[in-house]
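# Structure assessment
Now for the letters of each chain:
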Amino acid sequence: MGNKQTDILLPLFISGITFLTFNEKNIIWKNLDNSDALALLSINDISKIVGRSCSSDSWNGKNNLKNARTAMRLMEAYSIDALLNTDAAYPALLRETVNAPFMLFYRGNAGCLAERTVSVVGTRMMSPEGKAAAFSFAYDAVRDGVTVVSGLADGIDGAAHSGAVEACFDAVESGESASELCGKTAAVLPCGPDTIAPANHKKLAGRILSTGGCLVSEYMPGTPVESWRFVHRNRIIAALSPATVVVEAPPGSGALITAEYAVDYSRDVMFHEAAFSMNAAAVSARVKAKLERDFAAGKTAKHKVENTPEKYLSDGAPVIKNYADYCRCLAEMPGMRSTMQKNKDGQLPLFDGDGSKEG
């Protein structure tokens, strides 16, 4: 990671400067040789180096250096490693996005992110159909050698990670060697990689690591969970794969924010048919009604009310049935399914509990 010094203190220090952009952090990295020199800079000095006026109360060179040293100790304690954005092993898809992480911290095998990947996201308020769909999709993807990327959250994320690790265990039990099974699963965290969020998924996180997957984060060790970080990390989930599959997502959900990022990055976005089951539709109706009340009361933005799965389908996002159908969809000409997934009245079909279409 870099060639200026044998340790990672300077890039760690730079990574923790929250008011600098990706490009500005790279400028600092290219212009300074050691962490002590950075600690002595004033905010005006930093402004001159990056070419814009920086005004931040969060800059205190000595304190920021202290935080970086604490992070370095945590990396040693938790076997955490890091990739600088210029490292060859840094995920190429992530590097090409706007304001990519200056560093990517990880536990486990970050090499699985260099394999074929697919991002799987969805709501915490999952239906039985959604849970089964996420589990089976991830299971089949991993058995096909694909790394499943998700966010370790309760609900669909957890079901996807569980399906992925189960596929790994089944492969080993059937006599396949680890080298023969490329597919793993990667969880993107909304905090430093020394913390598991949510805490009830510590066992699942351990299974991810034991099956050759990884826990990744843009936040250096010691960074706590905060609500805004969940939304911010969604861009990384979208960026790490050429396609994002939304299994189940009511209006305004975080999964649809991930879909927005994927669209912004010119990645494929697909919806599993479980997102339109009767149970999912009932949840979506309740959520949308609450959002509309909140919007009328000035408590939420109109965009959140309007950010629905149907909006993406109207823009041409396809609906898939399972992993095999996902593979077929990737090979199809763009727009083929946008005319195939509506019924004769021009409405999107609902699916009942056993997956059959209604209407």
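Predicted, not measured: the structure shown is a model, and the values here were computed from it.

## Description of the overall build of the chain
On a plain count of helices and strands, the chain comes out with 15 helices and eleven strands. Here the chain, with 359 residues, has 52% of them falling under the buried criterion. The contacts of the chain with a sequence gap of at least 6 include a subset with a gap of at least 24, amounting to 74%. Of the accessible surface of the chain, which amounts to about 16300 Å², a share of 52% is contributed by carbon and sulfur atoms.

## Some remarks on the sheet that holds strand β6 (residues 214-217)
Strand order in this open sheet of nine strands is β1-β2-β6-β5-β4-β3-β7-β8-β9, and the pairing throughout is mixed. The sheet is open, and its two borders are formed by β1 (81-84) and β9 (319-320), each paired with just one other strand. Relative to strand β8 (residues 268-272), strand β7 (residues 243-248) runs parallel, the two sharing four bridges. From the neighbouring strand, valine 245 faces β8, where its bridge partner is methionine 270. Contacts from helix α7 (residues 128-143) reach β3 (117-122), β4 (147-150), β7, β8 and β9 within the one sheet, and its direction differs from that of β7 by about 150°. The sheet contacts of helix α10 (residues 227-239) involve β3, β4, β5 (185-188) and β7, and relative to β5 the element is tilted by about 155°.

## Thoughts on the environment of threonine 258
Residue position: threonine 258 is located in helix α11 (residues 254-264). Distance in space between the C-alpha atoms of threonine 258 and valine 231 is 8.1 Å, their sequence separation being 27 residues. Ignoring sequence-local partners within four residues, the contact set of threonine 258 consists of Val121, Asn234, Ile237, Ala238 and Thr244.

## Comments concerning the nonpolar core
Judged by nonpolar contacts, the single largest core of 36 residues is most densely connected at Leu94, Leu113, Val149, Val188, Leu240, Val246 and Phe271. When contributions to this core are tallied by element, the ones reaching two or more residues are β2 (103-108), β5, β6, α10, α11, β8 and α14 (309-314). For valine 246, the residues in contact, after removing those within four places along its chain, are Val121, Ala255, Leu256, Ala259, Val269, Met270, Phe271 and His272. With 30 residues, the next largest nonpolar core counts Ile14, Trp29, Leu38 and Phe102 among its residues.

## As for the pattern of salt bridges
Counted by the stated rule, this structure contains ten salt bridges. Measuring nitrogen to oxygen at the nearest pair gives 2.7 Å for the salt bridge that ties arginine 235 to glutamate 218. Remark: glutamate 218 occurs in the loop between β6 and α10 and arginine 235 occurs in helix α10; sequence separation between them is 17 residues. Among the residues examined, arginine 235 registers a relative accessible area of 8% and is labelled buried. Among the residues examined, glutamate 218 registers a relative accessible area of 13% and is labelled buried.

## Some words on the environment of serine 210
Examined against the element boundaries, serine 210 turns out to sit in helix α9 (residues 202-210). From its side chain, serine 210 meets the backbone oxygen of arginine 207 in a polar contact 3.0 Å long.

## Observations concerning unusual backbone geometry
Working note: non-glycine residues mostly have negative phi, and peptide bonds are mostly trans. Looking along the chain, the bond that leaves alanine 197 and enters proline 198 is cis, with omega of 0°. Tracing the chain through its elements places proline 198 in the loop between β5 and α9. Phi angles above zero are rare outside glycine, and serine 79 is one such case at about 55°. With respect to the secondary-structure elements, serine 79 resides in the loop between α5 (61-77) and β1. Within the chain, leucine 152 stands out as a residue other than glycine whose phi angle is a positive 65°. Residue position: leucine 152 is located in the loop between β4 and α8 (156-173). Overall, leucine 152 belongs to the buried group, its relative accessible area being 0%.

## Quick notes on α9
Those residues of α9 lying buried are Leu204, Ala205 and Ile208. For α9, the angular spread of the buried residues around the axis is 100°, confining them to a single face. Along α9, exposed side chains directed more than 90 degrees from the buried face belong to Lys202, Lys203 and Ser210. Of the surrounding secondary structure, the elements contacted by the buried residues of α9 are α8, β5 and β6.

The rules behind the values
- Think of each chain on its own: its residues are numbered from 1, step by step along the sequence as written.
- Given that the model is predicted, a residue must reach a pLDDT of at least 70 before its local features are reported, and side-chain atom pairs must reach 80 or more before they are shown or counted; all residues, however, enter totals for whole chains, interfaces and linings.
- Derived side-chain values reflect all non-hydrogen atoms in the structure, with water molecules and hydrogen atoms excluded from consideration.
- Comment: elements are numbered from the N terminus, with helices defined as DSSP H or I runs of at least four residues and strands as E runs of at least two.
- Only protein chains enter the area calculation, which uses a 1.4 Å probe; residues under 20% of their type maximum are buried, those over 50% are exposed, and those in between are partly exposed.
- The criterion used for residue contact is that any of the two residues' heavy atoms lie within 4.5 Å.
- Accessible areas in this description were obtained via Shrake-Rupley with a 1.4 Å probe; residue shielding takes into account the shown protein chains only.
- Any two strands are treated as partners once DSSP identifies two or more bridges connecting them.
- Lines fitted to the C-alpha atoms define the axes, with helices restricted to the stretch that makes contact. Angles between their N-to-C directions range from 0 to 180 degrees.
- Working definition of a nonpolar core: buried Ala, Val, Leu, Ile, Met, Phe, Trp, Tyr and Cys residues. They are joined through side-chain atoms within 4.5 Å.
- Whenever Lys or Arg places a side-chain nitrogen within 4 Å of a carboxyl oxygen from Asp or Glu, that contact is recorded as a salt bridge.
- Here a polar contact is recorded for every N or O atom pair within 3.5 Å, except that within protein the pair must consist of a potential hydrogen donor and a potential acceptor, and residues adjacent in sequence are included only if both atoms are side-chain atoms.
- Working definition: the arc comes from the directions between the helix axis and the C-beta atoms, pointing outward to the latter.

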